[in-house]
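Remarks on the overall topology
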Amino acid sequence: MSYLIGEQLTGGYGGPDIIRECTVSVDQGEIVVVVGPNGAGKSTAMKALLGMLDLREGRVLLDGQDISALSPQQRVAKGMAFVPQNQNVFVTMTVEENLEMGAYLRRDDITETMEQVFELFPVLKTKRRQIAGELSGGQRQQVAVGRALMTKPTVLMLDEPTAGVSPMVMDELFDRIIEIKRTGIAILMVEQNARQALNIADRGFVLVTGENRFSDTGEALLANEEVRKSFLGG
Amino acid sequence: MEYSTDLLNALVLISNYVLIPALSYGSQLALGAVGVTLVFGILRFANFAHGEMMAFGCMATIFITWWFQSMGISSGVFPTALLALPFAILITALLAVAIDRSIFSFYRIHKSRPVTFVVASVGVMFMLNGLVRILIGTDEIIFRDGQKFLIKAGVFKKMTGLSEGLALKQTQVLTFVLAVIAVLALFWFLQRTRTGKAMRAFSDNEDLALLSGINPERVVLVTWIIAASLATLAGVLYGLDKSFKPMVYFHLLLPIFAAAIVGGIGQPLGAILGGYIVAFSEITATYAFKKFFKYLAPGDFVPDGLAQLLTTEYKFAVSFFILVLVLLVRPTGILRGRVL
């Protein structure tokens, strides 16, 4: 059984169901990518895992424990970290303060974790006193991922981390995400850049209109004729 | 030689009637505006009850001052109100938290729109307004005691031999010094402490703050305590410097809002800047410069009129003018705050 599982998730934002019997899972030390066309409910599925959505059916299991009744904050305290797609840094605060706020729930010494984040993203160390709002798009994404890592999470969820960054920055960011995976963290990622994302993924889920269409290893999905034609542009 | 004396006289004149009063009035406005801006930054609504919170804080101070005086407690050359201030701050903070728990928290739970909060705060304003009148009445109250002047105009004239006198009231110096201390303490709190940083984070990006595990109710609680403390301090300093009249605090709401918006709403530093800008504009625009020009102009030239832009009755028009100008030209304010 996987470390984090969303089972048969059905629900929406109060109106009609956006996801239907959608199942997503990720294991520790694994990158799982959720791809699909616009409006397929990819981000919604991820938000459902974090508890930001009213679920009508289904349940969320973390390390075998049913966490469906917990609030997003409680799930963060349980080791789930989330990087939203937009507005994912505190733009009026310095890089260092952003990281400190990420560790807000922790009462122990955070300097070691901060050093690890700076090791992962060296540019942040040189800009630690700079206001996050003044950084470039790629650097902001690094701050956003760094902030999420400050809780020492067991699961890292990223909502389109490469949206709006250049292809070079995207490759760089994916390399870092692979490095994070090697530390044993479970990584779940929603991506528009499906081909590149599936390249680094261990497994992938293709969602269409809120339902699972394909679930396989990243490699197999890339090789699948139908997936390629419909979702990867040939 | 004679011209340099004229120059000094002009300088003293302008210090006495414009610079010093504007500095102390500006400090009072700044303290009020910082409170408005903090509440806006965290709770995301313009709190119309802030002026009445100042009146309530000042009223509480007056009652405690009277009680202290009746027991023979005083602080020598300083006003007894300074001793009463910490207790009044405690009472006002409790009131602010009680109002939040009983009124504003309801709208937070229901995720009401900001305009609903604003209207609720207008209701709170009228309620507090009535409460203060019932408790202390509507008369003007002077509760200043201790030494009134640090420098008296007559003594200054004798010392310097100038024909213009410079009077420095103790309350003016107190206002400035206490405002600087309060603002430094506030900035230290916001920049250096865990709770202060959490408040800034919450003001910056509420969703991300929640995702980081910041407790919103605690942030709101601390915000009200700080806002009530600043309101009490501002109210008491204004009351000491001039006098306590319940209606005055209602009128003060306009220059305070102008200050907060001019500086950039949600930006504490901007609110301070705005406070001084509004105060200096108000006093400069309503001061009669006739004598000033007489000293500075060459020869025996004397302006025909008073050389006064507006009579003092129109001083609130200055706040209005600045407010409209800023909203037209730079709606985010000087330091780029939010747009109301």
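Reference entry: report on the structure contained in this document. These numbers come from a predicted model, not from an experiment.

Residue and element names in this part refer to chain B. Structurally, the position occupied by Ile136 is in helix H4 (residues 114-136). Classification of Ile136 as partly exposed rests on a count of 18 C-beta atoms within 10 Å. Each C-alpha atom, one on Ile136 and one on Glu206, is 40 Å from the other, the two residues being 70 residues apart in sequence. Residues within four places of Ile136 in sequence aside, it is in contact with Met59 and Ile62.

It is worth spelling out the sheet that holds strand S5 (residues 65-66) of chain A at this point. All names here are of chain A. Strand order across the open sheet formed by 4 strands is S2-S1-S4-S5, with antiparallel pairing between neighbours. Each end of this open sheet is capped by a strand with a single partner; those strands are strand S2 (19-26) and S5. Bridge analysis of strand S1 (residues 4-12) against S2 gives 5 bridges, and the strand direction is antiparallel. When the sheet's bridge partners are listed, Gly11 is paired in S2 with Ile19.

All names here are of chain B. Relative to the assigned elements, Leu82 resides in helix H3 (residues 81-109). Exposure remark for Leu82: the 16 C-beta atoms within 10 Å place this residue in the partly exposed category. Sequence spacing of Leu82 and Gly41 is 41 residues, and the spatial spacing of their C-alpha atoms is 29 Å.

Moving on: the nonpolar core. A:Val155, A:Met157, A:Ile187, B:Ala30 and B:Ala259 are the most contacted members of the largest nonpolar core, which has 166 residues in total. Those residues in contact with A:Val155, other than ones at most four positions away along the chain, are A:Tyr3, A:Leu4, A:Val26, A:Gly79, A:Met80, A:Ala81, A:Ile185, A:Ala186 and A:Leu188.

Parameters at a glance
- Residues numbered from 1 in each chain as written.
- Chains lettered and ligands numbered in written order.
- Predicted model: local features only at pLDDT ≥ 70, side-chain atom pairs only at ≥ 80, totals over all residues.
- Helix = DSSP H or I, 4+ residues; strand = E, 2+ residues; numbered from the N terminus.
- Buried ≥ 20, exposed ≤ 12 C-beta atoms within 10 Å, placed from the backbone.
- Contact = placed C-beta atoms within 7 Å.
- Pairing = 2+ DSSP bridges.
- Core = buried A, V, L, I, M, F, W, Y, C linked by C-beta atoms within 7 Å.

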